[in-house]
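Observations on the model geometry
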Amino acid sequence: MKLRSLLVPAAAAVLVAGAALAAPGHKPGEGHGDSAYGQPGTPKQPSRVVQIVMSDAEGKMQFIPNRIEIKTGEQVKFVLRNNGELDHEIVLATLQENLKHAEEMRKNPDMEHDDPNAKRLMPKKTGEIVWKFTKPGTFDFSCLIPGHREAGMFGTIVVK
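Let me begin by describing the structure that accompanies this report. (Residues numbered from 1 in each chain as written. Predicted model: local features only at pLDDT ≥ 70, side-chain atom pairs only at ≥ 80, totals over all residues. Heavy atoms only, no water.)

**Here's the deal with the side chain of Glu89**
Filter applied, for reference: Only runs of H or I of at least four residues qualify as helices and only runs of E of at least two qualify as strands under DSSP, and these elements are numbered from the N terminus. Exposure classes here rest on a 1.4 Å probe applied to the protein chains alone. A residue is buried below 20% of its type maximum, exposed above 50%, and partly exposed in between. His is not counted, nor are the chain ends, whereas Lys and Arg count as positive and Asp and Glu as negative. Every case where a carboxyl oxygen of Asp or Glu lies within 4 Å of a side-chain nitrogen of Lys or Arg is listed as a salt bridge.
Summarising the element assignment, Glu89 is placed in strand β6 (residues 88–93). It is Arg120 that comes nearest to the buried, bridge-free Glu89 among opposite-charge side chains, at 4.3 Å.

What follows is the structure, encoded as structure tokens:
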């Protein structure tokens, strides 16, 4: 009985530590509800399609386009394509949140994103994000892999 009472708390501690290490820098539920920049969209509902290309040609990292205008309440399906030779990601957030998260990424460069507001793509791969912009404002999308945002891989979303 004594051994079992020691093993259960030890096993629980290992599971909690494993969950914390699985996504360093993320808090449970972070970015999944209604935020300053909106909420996850509903794939079965109509969406405006916006194509975004990730590029690192000739040493210049960028999103094409890097400025998008959206109406408040509009749901958008971002169709993503990594045309580059490197892994890239896109993270939709406020500029402040992305800059803060970029700091976390510098500490944990292997952190990967596959959240409703973020997607990481290997070279020549595609993906999509469906997002509903519920509030007006100016928001950011960035590649937060260390050095990529600094090399020009960011853009602006203006919600009117």
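That was the structure; now back to the text.
**Digging into the pairing of strand β2 (residues 48–55)**
As a reminder, the rule being used: Only strands that DSSP links by at least two bridges are regarded as paired with each other.
For β2 and strand β5 (residues 75–82), the ladder comprises 7 bridges, and the chain directions are parallel. Bridge assignment links Ile52 to a residue of β5, and that residue is Leu80. Relative to strand β3 (residues 62–64), β2 runs antiparallel, the two being bridged by 3 bridges. Opposite Ser55, over in β3, you have Gln62 as the bridge partner. Taken together, β2 and the strand that follows it, β3, pair antiparallel across an intervening segment of 6 residues, in which Glu58 is found at a positive phi of about 55°.

**A few points about the pattern of salt bridges**
Summed over the entire model, instances satisfying the criterion amount to 8 salt bridges. For the salt bridge of Glu69 with Lys160, the shortest nitrogen-to-oxygen distance reads 3.3 Å. Remark: Lys160 occurs in the segment after β10 (154–159) and Glu69 occurs in strand β4 (residues 67–70); sequence separation between them is 91 residues. Relative accessible area serves as the criterion here: at 59%, Lys160 is assigned to the exposed category.

Fair warning: the whole summary comes from geometry, so function is off the table for now.
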